[in-house]
Structure formats: C-alpha cells, structure tokens
Amino acid sequence: MELTISIVIGFMILGAIYSIHAKDLLSAVITCGIVGYGCVICFLLLKAPDLAIVQIVVETINLIIMVAVVLDSSREESYSKLDSQGYISAITVFIIMVVLLYFFTVSTRSLDVLGKSTLRMAGPYIEGAAAKTGSANLVTGVVFDFRGYDTMGEAVVLVTAVLGVLTILRLKGKK
Amino acid sequence: MEGMTIIVKKTTQLIAGMIFMYGIYVIAHGHLTPGGGFAGGVIIAGAFILITLAFGSDFFKLVKEEMGTTMVESIATIIVVLIGSAGFLLGTKIFFNNYLPKGIVGDLVSAGTLPLYNIFVGMEVAASIFIIFLSLIIFKEESLK
C-alpha cells in the first residue's frame with residue numbers, strides 16, 4: 001500500500017511542477033486538478049471514505065470556478081522584471097519558509113508513522129462511540145458530538161469567508 | 001452570461017434533479033453511511049451550479065436569488081448555534097449535549113440531535129458555495145451595465 005501511495009504522490013508532485021511552469025493558464029488550472037484527484041485516491045487507500053467524498057466534490061467545483069475565472073480574465077501570465085523591492089521580498093519569503101520547515105520537522109518528530117498504529121486519543125473515541133452517540137457512522141459521531149465546537153467553528157469560518165468574498169467582489173454599492 | 005446548446009440543456013434537465021436527490025440522501029443518511037452535512041451540501045450546490053451554467057444567468061433572476069441564498073445561509077448557521085446552546089439549557093450544563101432520545105443504532109431516525117446538525121450544516125454549506133459562484137457572475141454583470 002505504501003508503494004501505491006508513493007506512486008500517486010509522485011504523480012501529484014509532477015502535476016504541481018507542470019502547473020507552475022505551464023505557459024497557458026487554462027492548462028495550468030486543469031493540471032492542478034491532478035493534485036486534488038490524486039489526494040482522493042490517497043484518502044481511499046488510507047480507508048477514509050468520508051474525506052474522499054468531500055474532497056472529490058469540492059475539487060470538481062473548485063475546478064469549475066477557477067476555469068470560469070481564467071476564461072473571464074486573460075489566459076496569458078504577465079511577467080515583470082525584479083527590482084530591488086522584489087529581491088527583498090523574495091529573500092524574506094525564503095527565510096520564513098526555512099524557519100517554518102525547521103519547526104515543522106521538530107514538531108512532527110514525535111508522531112507515529114501514518115497508519116501504523118492508532119493515535120492515543122483514538123482508543124477512547126472508538127470504544128463506546130456507537131453506544132454513547134447512537135450513530136452508526138463513527139465519523140459523524142465524533143465530528144458532531146465529541147467535537148461539536150470544532151464543527152461549529154468550521155461552519156462560522158465558511159460564513160466569514162462568504163462575507164469576505166461579497167465585500168471584495170461588490171464593485172458598486174447597494175442603493 | 002448566456003446559456004449553452006440545446007443538447008446540454010436537455011441533459012441538464014434529466015440529471016440535475018437526480019444530483020439534488022443524491023445530495024439530500026447523503027445528508028439524511030449522514031449518521032449511517034459515509035458522508036454528512038459538508039459533502040451533501042456541496043453536492044446540492046453542484047446541482048444549482050450545473051443549472052446556472054447550462055441555462056445562463058437569466059434563468060434564476062440572479063439579484064433576487066442572491067438575497068435568498070444569503071438568508072438561508074445566515075438562518076441555518078444561527079439554528080446550528082441554537083441547537084448547540086439548547087443542550088446547555090436542557091441537559092447537564094454542557095454545550096452540544098445530545099439531549100434527544102437516541103433510539104436503535106442503525107435506524108434512520110436515531111442518534112438524537114446529530115441528524116438535525118447534519119441537515120442545517122448541509123443547508124448552510126450549499127448556500128455558501130452557491131453564493132460564491134453567483135457573486136462571480138452577478139457583480140461582473142452589474143459593473144458592465
């Protein structure tokens with residue numbers, strides 16, 4: 001199973017690299033879909049069908065919206081030469097990436113290998129979940145009962161994102 | 001934004017209803033099978049996006065529709081918060097307490113308040129995704145007038 005996941009992740013990396021260097025923006029957006037659909041296959045191999053359903057639908061709608069945006073604006077990417085301000089920004093971004101990568105490796109060193117053993121909190125959740133919540137689908141039981149605050153936060157985040165989109169995209173004020 | 005050819009319109013008439021019903025199935029069986037409020041909501045939004053793309057932007061009378069989706073989204077979010085707070089008032093002083101009778105595991109009507117959360121989160125997600133798509137069309141047409 002690890003070999004299959006490695007092959008799929010290799011394809012995803014190839015698609016991401018191509019989508020950065022593509023001349024036509026439409027082909028770049030469509031190539032970016034390889035990353036999302038490869039992620040769906042990885043979720044199915046790791047036995048997470050709930051995530052796979054959400055990912056495949058969101059990826060499709062995301063692709064539709066991005067294609068609509070590209071067709072509305074231009075299909076050519078605009079290039080500009082770097083000036084001194086641009087070099088300072090590039091160096092700052094590089095330093096921030098190195099620092100984040102260092103702390104990422106430090107914080108993930110203590111975790112188990114993915115899928116090898118269940119995490120520590122998973123045991124008490126799995127043991128009596130069906131009896132405690134009355135739900136046959138354990139994921140829904142955890143998401144809406146044990147972790148109700150998280151789910152409410154996600155719903156509120158979505159509302160805030162829509163408010164931001166409406167505020168930015170509205171060019172004329174309401175009468 | 002104009003509609004597409006008659007082949008696409010006829011195919012959409014056949015398929016859009018089935019996609020909508022599948023989204024409702026995923027939401028209603030969220031506590032029994034894989035899926036739930038988020039997945040089903042996005043599927044329902046996909047049905048509306050398909051109709052808008054096929055029939056053009058005049059089909060839904062867009063400005064009015066935007067007001068309706070905003071109302072649905074806000075009211076559904078408020079109802080989710082209210083159901084969570086009702087657990088604090090009725091139960092043992094805990095937010096998101098599952099205070100309704102749980103029933104038999106595996107029945108369609110079971111698991112207390114979980115199906116209610118699924119339904120309202122599904123409504124909210126469907127309205128949110130659809131309004132993001134609509135706002136890309138509406139505001140451009142408004143600025144062109």
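Quick note: structure is the one above.
As the structure is a computational prediction, the values presented were derived from the model and not from experiment. (Residues numbered from 1 in each chain as written. Chains lettered and ligands numbered in written order. Predicted model: local features only at pLDDT ≥ 70, side-chain atom pairs only at ≥ 80, totals over all residues. Heavy atoms only, no water.)

Novice: Would you take a moment to explain helix 8 (residues 148-169) of chain A for this structure?
Specialist: Spacing of three or four residues puts side chains on the same side of an α-helix, whose turn is 3.6 residues. All names here are of chain A. Compared with an ideal rise of 1.5 Å per residue, which puts 22 residues at 32 Å, helix 8 spans 32 Å between its outermost C-alpha atoms and is within 8% of the ideal. Within helix 8, the full set of buried residues consists of Gly148, Thr151, Ala155, Val159, Val162 and Leu166. For helix 8, the arc enclosing every buried residue in end-on projection is 85 degrees, short of the 170-degree limit, so these residues lie on one face. Among the exposed residues of helix 8, those oriented more than 90 degrees off its buried face are Tyr149, Val157, Thr167 and Ile168. (Helix = DSSP H or I, 4+ residues; strand = E, 2+ residues; numbered from the N terminus. Expected span 1.5 Å × (residues − 1). Buried < 20%, exposed > 50% of the residue type's maximum accessible area, 1.4 Å probe, protein only. Arc of directions from axis to C-beta.)

Novice: I keep staring at the side chain of Ser19(A) and nothing clicks. Help me out?
Specialist: All names here are of chain A. When you line up the elements, Ser19 lands in helix 1 (residues 2-21). Within the structure, Ser19 has its side chain in polar contact with the backbone oxygen of Ala16 (distance 3.1 Å). For Ser19, the residues in contact, after removing those within four places along its chain, are Ala28, Thr31 and Cys32. (Polar contact = N/O pair within 3.5 Å; in protein donor to acceptor, adjacent residues only side chain to side chain. Contact = heavy atoms within 4.5 Å.)

Novice: Before we go on, may I ask you to explain the interface of chain B and chain A in this structure?
Specialist: How large an interface is tends to be reported as the accessible area lost when its parts come together. Contact residues are listed per partner, giving 44 residues for chain B and 40 residues for chain A. When the two sides are added together, the surface that chain B and chain A hide from each other amounts to roughly 3700 Å², 74% of it contributed by carbon and sulfur. In this assembly, chain B and chain A are joined by 2 residue pairs in polar contact (both at pLDDT 80 or more). At the level of elements, helix 2 (37-55), helix 3 (62-90) and helix 4 (114-144) of chain B are the ones that each hand at least two residues to the side of chain B that touches chain A. The element best represented in the side of chain B that touches chain A is helix 4 of chain B, accounting for 17 residues. Across the side of chain B that touches chain A, the residue classes tally to 24 nonpolar, 13 polar and 7 charged. (Buried area = accessible area lost by both parts, 1.4 Å probe. Nonpolar A, V, L, I, M, F, W, Y, C, P; charged D, E, K, R; others polar.)

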